[in-house]
Amino acid sequence: MKNWDEQLDLLIRARAPLIWIRSNEEERLEALLEKVAERLKPRRIATWDYIDGLKGVINSEGLGARQPMAVLQWLQKLDSNSPTILLLKDFHRFCEDAGIARMLKNLSGQLRQQPHTIILCSGSWSSTNDLDEALTVLDLPLPKEKELRTLLSNIAKATGQTLEQNVLEELSHACSGLSEIRVRQVAARALAQRGKIGREDLIEILEEKRQSIAKSEVLEYCATKSTTDDIGGLDALKAWLDQRHQAFSDEARKFGLPLPRGVLLVGPQGTGKSLTAKAIAHSWSMPLLRLDVGRLFAGLVGASEARTRETIQRAEAMAPCVLWIDEIDKGFGGDARSDGGTSQRVLANVLTWMAEKNSAVFVVATANGVERLPGELLRKGRFDEIFMLELPSAQERISILKLHVRQRRPHLNLPLNTVLDRTEGFSGAELEQTVIEAMHLAFAERRELQETDLILAASQLVPLSRTAKEQLNSLKEWASSGRARPASLKVNESINLF
Ligand code: ADP
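Residues numbered from 1 in each chain as written. Predicted model: local features only at pLDDT ≥ 70, side-chain atom pairs only at ≥ 80, totals over all residues. Heavy atoms only, no water.

A. Quick look at the packing of aromatic side chains. Scanning the entire structure with this criterion turns up eight aromatic pairs. Summarising the aromatic geometry, the rings of Trp240 and Phe387 are spaced 5.4 Å apart at their centres and angled 70 degrees between planes, so their arrangement reads as edge-to-face. Of the two residues, Trp240 is situated in helix H9 (residues 235-246) and Phe387 in strand S12 (residues 385-388); the sequence distance between them amounts to 147 residues. For Phe387, a relative accessible area of 0% corresponds to the buried category. Within the aromatic cluster, the residues linked to one another by ring pairs are Trp48, Tyr50, Phe91 and Phe94. Of note, Arg22 hangs over the ring of Trp20, and the distance from its end group to the ring centre comes to 5.1 Å. Taking the ring centre of Phe443 as reference, the NZ or CZ of Arg446 above it sits at 4.3 Å. (Phe/Tyr/Trp six-rings, centres within 6.5 Å; stacked < 30°, edge-to-face > 60°. Helix = DSSP H or I, 4+ residues; strand = E, 2+ residues; numbered from the N terminus. Buried < 20%, exposed > 50% of the residue type's maximum accessible area, 1.4 Å probe, protein only. Lys NZ or Arg CZ within 6 Å of the ring centre and 35° of its normal.)

B. Quick peek at the site of the ligand. The environment of the ligand is formed by 16 residues, the closest being Gly232, Gly270, Lys273, Ser274 and Glu432. Separating an oxygen atom of the ligand from a backbone N or O atom of Gly272 is a distance of 3.1 Å. Alone, the ligand offers 550 Å² of accessible surface; in the complex the protein occludes 82% of this. Listed by contribution, the elements that provide at least two residues to the shell around the ligand are helix H11 (273-283), helix H16 (394-408) and helix H18 (428-444). (Near = heavy atom within 4 Å. Polar contact = N/O pair within 3.5 Å; in protein donor to acceptor, adjacent residues only side chain to side chain. Areas by Shrake-Rupley, 256 points an atom, 1.4 Å probe, with all protein chains shown as cover.)

C. Local environment of the sheet that holds strand S13 (residues 485-486). The strand order across the open sheet built from seven strands is S7-S9-S10-S11-S8-S12-S13, with neighbouring strands paired in mixed fashion. Two strands in the sheet have a free side with no partner beyond their single neighbour: strand S7 (219-222) and S13. Those strands touched by helix H13 (residues 303-317) are S7, strand S9 (288-291), strand S10 (321-325) and strand S11 (361-367), and its axis lies near 25 degrees from that of S7. (Pairing = 2+ DSSP bridges. Contact = heavy atoms within 4.5 Å. Axes fitted to C-alpha atoms, helices over the stretch in contact; angles between N-to-C directions.)

Listed below in structure tokens is the structure:
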């Protein structure tokens, strides 16, 4: 795919009359457009905003202040000998007006014969229906590392400081994922506090990133301490993950391996799907971003797609990272009739991204059921693998119970055979619950935990497998049709991934 500059140059040269650049970074866009004008000489850049009117055109400075229609009329009459790229700021607000919308449509026809281009810039805009035909949409990606390097070294230079190459690289690497405005803010704070920027700002930058994720309504930055050692059983899944982790290395790239895409984990509640997502991120030393699918759809109709794009952009900018799409079946299982097809369109956006992505964003999607799981998700090429997490086998129950007892009473070595018989059909979460309940029993009498406590606690718990039999059966049936790979090894099965 062409890079962003090339795409924009091409659009302008091909006389796309109206281009909406989707971004909130107005200042950065202006600087980028200056460079476009350099490349596409003799084109010049003019800007317009509601307060100051036209800028960048001798003799017409200030034209059209508080008069959006006037600036369009100016462009309409503009001579072909002065090819102009006109950046209209906040103009999406005026497009609601019937007159302005009509004028833009008329202009878009006319501009195909003329070397002028209108550029609109805003982060989101939901009411484009009327102008859809005339508009070309282009997303402005967050600054690339090279851009960040130039930005940081310019900031340093402006304060009479020269950054060492390795510090500059570390800083710009850390800043990836932040908009130019945010990088400037971090730098301004550093300059105000210490009069210079340097390695000391790395922590601040990470914090800024965390906050920029926090400001995103859809993504949540999850702190996690769990590792794959905290997962009992699921040995086939763990071995597979180990293998995929290696595929992130430069060595794997040189070997010709593609970057891993992601994994879909399907299984009843409490079988360790979320735990696995957290453990992957921690074991691979990558940040874990949890995507709340429900929030993608909250708010205005039409906003969901913009939010999806923004979310994907943010996640990509954080790469390498793990993007955890929790309960993907609930989020995308929406009824097309009830939401005007929004969930279908958003799902399509996500799927296209997953199929085409070549960034180090490892997607871990989790689903409790299969009834509402969109079929498109299961097609080859979306995920590297689909795993079915079943209720733990006897062998797995032992290791899960041991794990949870050891986490709380590290020196205790209890016999667990009897409890094992009483916990058939228990999920990992229910086994953990059993251990906690048993500990309550022991603690109430201020004594050490005993096997009998575990047995009593287990007898008091009604596992989900007893109450939600049907759901479990349908999951089992689905898994046995060969669409998913078992996450657990069968008894006596050895790890053989190939
Ligand atoms: P799910 O996402 O599948 O509904 P979770 O991962 O949220 O289940 O499980 C809840 C808790 O149950 C975990 O945090 C963990 O303490 C415990 N648990 C579940 N499965 C396992 C397992 N295989 N090994 C160890 N603990 C587990």
